[in-house]
Amino acid sequence: MRIGLMVGSDKERTRRERLTGLLDDGKAAESQGFASFWMPQVPGYLDAMTAVALLGQVTDRIEIGTAVVPIQTRHPLIMAQQALTTQIACDGRFTLGVGPSHHWIITDQLGLPYDRPARLVRDYLDVLAAAFAGPGAVAIDSDSYRVHSPIDVSDAFEMPVLVAALGPTMLRIAGKRTGGTILWMADERAIGDYVVPTITKAAAEAGRTGIRVVAGVPVALCSASQLQDARAYASEVLGHADFSPNYVRLLEHGDAEDVGDTMAAGDEATIAARLRRYRDAGVTDLAARIVPLGATPEERKASRQRTQEFVASLCAEFASGA
């Protein structure tokens, strides 16, 4: 299992410092030995793919991906153009993570329809696949898109695509059509008993191998007395499950009731043991979302540094399969 970092909006930094701080975070992740660095498209925050392109210019080795960009917000051909451009900026280290997002973002915040998301994903992937096949004409006529346009960005790189998939239909689409899935709010049982069997079966039926299961997992190095507060804080800061029926249905396949229950928190041995359980459940790539604890910015900064350094110390062990 490869271990990477997942970041989000950073309200500890001033707005002026957020982009430069993010670039520093990416460089630090690479120097610490993390395999990957994942950036979500947070509503109202930095644009994920622009940030990834810039991260590609200040790093040399680390995989950089979006986790994820909502498909309704960008036409698939425009998404393909931007993704290919970003791939050039990252020298082939970019992974495009996309997904249908949630009704409270797409409809409530943006005023766009959230109808039949699985069908939309299928049609979207048709356009992406045609655009990523190489320079030339893209000609797609589907229920969702009518595209007749040239694309001429790059022919030098492959474009790995992952899909945020929570329900069985989406998992089957991810397995048959893409390199795998990116998860959030999924515990070990949900992954091992539901996600992995569903997506791998679909991939096998399509003759595909090497399917990735990227799991975003909150992590906090803390004392036993801080555990409950850490889990409650993670659920509060990282999003309650009841905001989205998609997450509620995913949680029903596991033991967790909210994001805090998926968290690897406690001392070093406790964190390592839970990460092993995620690995044993079939996670191929764990994206650690560091949750800093403390009453002041200084305390939270120190907490983040301690946790991140410890998780970094596990990268080689987990990559070797130990």
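Where an unreviewed UniProt entry is consulted, the protein appears under the name LLM class F420-dependent oxidoreductase, with the organism given as Mycolicibacterium celeriflavum.

K.L.:
When you look at the packing of aromatic side chains in this model, what are you seeing that I'm missing?
P.N.:
One pair of aromatic rings is described through two measures. These are the centre distance and the angle between the planes. If you walk through the whole model with that rule in mind, you get 1 aromatic pair. Judged by centre distance (5.9 Å) and plane angle (75°), the ring pair of Tyr124 and Tyr145 falls under edge-to-face. In this pair, Tyr124 sits in helix 5 (residues 117-132) while Tyr145 sits in the loop between strand 6 (136-141) and strand 7 (146-151), placing the two residues 21 residues apart along the sequence. In terms of burial, Tyr124 and Tyr145 fall into one category: buried.

K.L.:
For this particular structure, what's the right way to read the nonpolar core?
P.N.:
Across soluble globular proteins, nonpolar side chains have a tendency to be buried as a group. In this structure, Phe34, Leu96, Phe132 and Ile191 are the most contacted members of the largest nonpolar core, which totals 107 residues. Ranked by the residues each element gives to this core, the list is headed by helix 5, at 9 residues. With sequence-adjacent residues up to four places away left out, Phe34 is seen in contact with Ile3, Gly4, Leu5, Ala29, Arg61, Ile62, Gln308, Val311, Ala312 and Cys315.

K.L.:
Looking at this structure, how should I read the pattern of salt bridges?
P.N.:
Once the charged atoms of two side chains with opposite charge are near each other, the side chains can pair. Counted according to the given criterion, the structure contains 16 salt bridges. For Glu63, the salt bridge is made with Arg2, and the minimal N-O distance between the two is 3.0 Å. With Glu63 in strand 3 (residues 63-66) and Arg2 in strand 1 (residues 2-6), the pair connects residues that are 61 residues apart, well separated along the chain. For Arg2, a relative accessible area of 32% gives the class partly exposed. Note that Glu63 and Arg212 form a salt bridge whose closest N and O atoms lie 2.9 Å from each other. With Glu63 in strand 3 and Arg212 in strand 10 (residues 212-221), this pair connects stretches of sequence that are 149 residues apart. Residue Glu63 shares its accessibility class with Arg212, and that shared class is buried.

K.L.:
How should I be thinking about the side chain of Arg74 in this particular structure?
P.N.:
Of note, Arg74 is situated in the loop between strand 4 (69-70) and helix 3 (76-89). A polar contact of 3.3 Å, which involves the side chain of Arg74, links it to the side chain of Gln41. Polar contacts involving the side chain of Arg74 include one to the side chain of Gln82, which spans 2.6 Å. Contacts of Arg74, omitting those with residues within four sequence positions, involve Gln41, Asp47, Met49, Val69, Met79, Gln82 and Tyr124.

K.L.:
Would you explain the packing of helix 3 against helix 5 in this entry?
P.N.:
Each pair of packed helices gets described by two things: the angle between the helix axes and the distance between those axes. As a packed pair, helix 3 and helix 5 sit with axes 9 Å apart at the nearest point and diverge in direction by 45°. Our classification of the angle between helix 3 and helix 5 gives oblique. Considering only the axes of helix 3 and helix 5, their crossing is right-handed. Of helix 5, the residues touching helix 3 (which contributes Pro76, Leu77, Met79, Ala80, Ala83 and Leu84) are Tyr124, Val127, Leu128, Ala131 and Phe132. Here the residues of the contact of helix 3 with helix 5 are counted per class, giving 11 nonpolar, no polar and no charged.

K.L.:
Would you explain the packing of helix 6 (residues 168-177) against helix 7 (residues 188-205) in this entry?
P.N.:
Close contact between helix 6 and helix 7 brings their axes to 7 Å; oriented N to C, the two are set at 45°. One element, helix 6, and the other, helix 7, form an angle in the oblique class. Remark: the crossing between helix 6 and helix 7 carries right-handed chirality. Across the interface between the two elements, Pro168, Leu171, Arg172, Ala174, Gly175 and Lys176 of helix 6 pack against Tyr194, Val195, Thr198, Ile199, Ala202, Ala203 and Glu205 of helix 7.

K.L.:
How do you make sense of helix 5 when you look at a structure like this?
P.N.:
Side chains three or four residues apart in an α-helix point the same way, a direct result of the helix having 3.6 residues per turn. Taking 1.5 Å per residue, 16 residues should reach 22 Å; helix 5 reaches 22 Å between its end C-alpha atoms and fits that length. All buried positions along helix 5 are accounted for by Ala118, Leu120, Val121, Asp123, Tyr124, Leu125, Val127, Leu128, Ala131 and Phe132. One or two steps after helix 5, the chain reaches Gly134, where phi turns positive at roughly 135°.

How each quantity is defined
Starting afresh in each chain, residues are numbered from 1 along the sequence in its written order. Totals for whole chains, interfaces and linings use all residues, but because this is a predicted model, local features are given only for residues with pLDDT of at least 70 and pairs of side-chain atoms are given and counted only at 80 or more. For the side-chain quantities, the full set of heavy atoms in the structure was used; hydrogens and water were omitted. A pair of Phe, Tyr and Trp rings is counted when the ring centres sit within 6.5 Å of each other, with Trp represented by its six-membered ring. The angle between the planes then sorts it: under 30 degrees is stacked, over 60 is edge-to-face, the rest tilted. Put simply, DSSP H or I for four residues or longer makes a helix, DSSP E for two residues or longer makes a strand, and each gets a number counted from the N terminus. Only protein chains enter the accessibility calculation, which uses a 1.4 Å probe; a residue is then buried when its area is under 20% of its type maximum, exposed when over 50%, and partly exposed in between. We define a nonpolar core as any set of buried Ala, Val, Leu, Ile, Met, Phe, Trp, Tyr and Cys residues linked to one another through side-chain atoms lying within 4.5 Å. We call two residues in contact when some of their heavy atoms are within 4.5 Å. Salt bridge, as applied in this entry: a Lys or Arg side-chain nitrogen positioned within 4 Å of an Asp or Glu carboxyl oxygen. Each polar contact in these results corresponds to two N or O atoms within 3.5 Å; when the atoms are within protein, one needs to be able to donate a hydrogen and the other to accept it, and residues that are neighboring in sequence are counted only if both atoms are side-chain atoms. Convention adopted: a line fitted to C-alpha atoms gives each axis, helices being fitted over their contacting stretch, and angles between N-to-C directions are expressed from 0 to 180 degrees. Every angle not falling under 35 degrees, over 145, or within 65 to 115 is termed oblique; those three ranges are roughly parallel, roughly antiparallel and roughly perpendicular. The hand of a helix crossing depends on one turn: near helix anticlockwise from the far one by less than a right angle means left-handed, and clockwise means right-handed. Any residue outside Ala, Val, Leu, Ile, Met, Phe, Trp, Tyr, Cys, Pro, Asp, Glu, Lys and Arg is labelled polar, Gly included; the first ten of those are nonpolar and the last four are charged. To estimate how far a helix should reach, multiply one less than its number of residues by 1.5 Å.

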